[in-house]
Amino acid sequence: MTEFLVRKLVKDYEQTDNPQVRTAYGMMAGIVGICCNLILFGAKIGAGFMTGSISIMADAFNNLSDAASSIVGFVGMKMAQKPADESHPFGHGRIEYISAFIVAFIVIQVGFSLLKTSLGKILHPEELTFGIISVGILMLSVGVKLWMAFFNRNLGRRVQSSVMKATAADSLGDVDGTSARSLSFVV
């Protein structure tokens with residue numbers, strides 16, 4: 001799937017040293033991340049309401065923040081492509097590192113938010129309604145996030161992008177969290 005997207009969406013995809021091709025990779029990764037995370041947000045928020053599970057709803061909002069991270073990466077890659085000017089004699093390439101830092105900050109913030117919500121639910125538990133559809137949505141989410149991790153890691157290596165590598169690491173973290181939620185419903 002990754003190769004199909006690269007070949008269809010990135011002109012001259014083999015010329016990864018070309019700044020315009022590198023930017024096209026970043027734009028594609030951003031758009032794919034935004035679309036996948038918005039779809040996962042919708043599916044999980046629905047599953048959260050069906051089960052009454054705060055953890056699934058929190059996972060949904062994690063996907064929404066991941067969509068925001070993809071927007072940051074998208075904008076960062078676009079801005080990094082700007083050529084050198086009077087204020088930036090070496091170009092704007094370092095904006096990509098700032099984008100990666102922002103993505104990392106969003107991940108940390110979401111983690112603290114999930115910790116706070118989880119502790120609240122441990123102290124004040126509520127009954128959950130188990131549903132095979134909810135577990136199915138969570139397992140589908142694990143599959144999508146695993147693919148997104150490999151997708152971003154692959155692209156990040158091809159074009160040496162710290163933003164894409166950070167996004168891949170975030171997706172792997174999401175795989176762990178969503179897998180744990182799925183297991184808690186089954187066990």
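(A) Structural detail: empty space enclosed by the protein. Enumeration according to the criterion identifies two cavities of 30 Å³ or more in this entry. The calculated volume of the largest cavity comes to roughly 80 Å³. Forming the walls of the largest cavity are Gly26, Ala29, Gly30, Ser70, Gly73, Phe74, Met77, Asn152, Val163, Met164 and Thr167. Looking at the lining of the largest cavity, the element that brings in the most residues is helix H3 (residues 54–80), giving four residues.

(B) Geometry of the side chain of Ser141. Counting through the fold element by element, Ser141 comes out in helix H5 (residues 132–159). Among the polar contacts made by the side chain of Ser141, one reaches the side chain of Lys44 at a distance of 2.8 Å. If we skip the residues at most four places from it in the chain, Ser141 touches Leu40, Lys44 and Thr178.

(C) How the structure looks around the packing of helix H2 (residues 19–51) against H5. Relative to each other, H2 and H5 sit at 165°, their axes nearing to 10 Å. If you check the angle between H2 and H5, you find them roughly antiparallel. The handedness of the crossing between H2 and H5 is left-handed. Classifying every residue of the contact of H2 with H5 gives 18 nonpolar, six polar and four charged.

(D) Layout of the pattern of salt bridges. Tallied over the entire structure, the rule returns five salt bridges. Measuring nitrogen to oxygen at the nearest pair gives 1.8 Å for the salt bridge that ties Glu3 to Arg158. Residue Glu3 is found in helix H1 (residues 2–9), and its partner Arg158 is found in helix H5; the two are separated by 155 residues along the sequence. Across the pair Asp66 and Lys145 runs a salt bridge whose closest N-O atoms are separated by 2.8 Å. Of this pair, Asp66 sits in helix H3 while Lys145 sits in helix H5, and the two are 79 residues apart along the sequence.

(E) Molecular detail of helix H4 (residues 95–123). Under the 1.5 Å per step criterion, the end-to-end length of H4 is 42 Å for 29 residues, consistent within 8% with the ideal 42 Å. Within the sequence span of H4, burial applies to Glu96, Ser99, Ala100, Val103, Ile106, Val110 and Leu114.

(F) Expanded view of a nonpolar patch on the surface. A surface patch of nonpolar side chains, amounting to about 540 Å² of accessible area, comprises Ile108, Phe112, Leu115, Leu119 and Ile122. Mapped onto the secondary structure, Ile122 falls in helix H4.

(G) Inspection of the nonpolar core at higher detail. Of all hydrophobic cores here, the largest spans 16 residues; its most connected members are Tyr25, Met28, Phe151, Leu155 and Met164. Mapped by element, the contributors of at least two residues to this core are H1, H2 and H5. The greatest single-element share of this core, amounting to six residues, is contributed by H2. For Met28, the contacting residues outside a window of four places in its chain are Leu5, Val6, Leu9, Val10, Phe151 and Leu155.

Definitions and limits used
- Throughout this document, residue positions are counted from 1 along each chain, in the order its sequence is written.
- Residue-level local features of this predicted model are given only where pLDDT is at least 70; pairs of side-chain atoms are given and counted only at 80 or more, and the full residue set underlies all totals for whole chains, interfaces and linings.
- Excluded from the side-chain calculation are hydrogens and water; included are all heavy atoms of the structure.
- Only protein atoms enter the 1 Å grid used here. Points where a 1.4 Å probe fits but cannot escape make up a cavity, open sets with protein on both sides within 12 Å along at least five of seven lines make up a pocket, and a residue lines them when an atom lies within 4 Å of a point.
- Grid points are joined across faces, edges and corners, and a volume is the space filled by probe spheres set on the points.
- Counting from the N terminus, the helices are DSSP H or I runs at least four residues long and the strands are E runs at least two residues long.
- Think of a polar contact as two N or O atoms within 3.5 Å of one another; within protein, one of them needs to be a possible hydrogen donor and the other a possible acceptor, and neighboring residues in sequence only count if both atoms come from side chains.
- The criterion used for residue contact is that any of the two residues' heavy atoms lie within 4.5 Å.
- Angles here are taken between N-to-C directions and fall from 0 to 180 degrees, while the axes themselves are lines fitted to C-alpha atoms, restricted in helices to the stretch in contact.
- Roughly parallel refers to an angle under 35 degrees, roughly antiparallel to one over 145, roughly perpendicular to one between 65 and 115, and oblique to any angle outside these ranges.
- Two helices crossing with the near one rotated counterclockwise from the far one by less than a right angle form a left-handed crossing, whereas a clockwise rotation gives a right-handed crossing.
- In the scheme used here, Gly and all other residues not listed as nonpolar or charged are polar, with Ala, Val, Leu, Ile, Met, Phe, Trp, Tyr, Cys and Pro taken as nonpolar and Asp, Glu, Lys and Arg as charged.
- Salt bridge, as applied in this entry: a Lys or Arg side-chain nitrogen positioned within 4 Å of an Asp or Glu carboxyl oxygen.
- Expected helix span is taken as 1.5 Å per residue step, with the number of steps being one fewer than the number of residues.
- For each residue, the accessible area found with a 1.4 Å probe, counting protein chains only, is set against the maximum for its type, and the residue is called buried under 20%, exposed over 50%, and partly exposed in between.
- Patches here: salt-bridge-free residues with over 30% relative accessible area, like charges joined within 9 Å, nonpolar side chains (Val, Leu, Ile, Met, Phe, Trp, Tyr) joined within 5 Å.
- Using a 1.4 Å probe, the Shrake-Rupley method yields the accessible areas, and only the shown protein chains count as cover for residues.
- Here the nonpolar core consists of buried residues drawn from Ala, Val, Leu, Ile, Met, Phe, Trp, Tyr and Cys, with membership extended through side-chain atoms lying within 4.5 Å.

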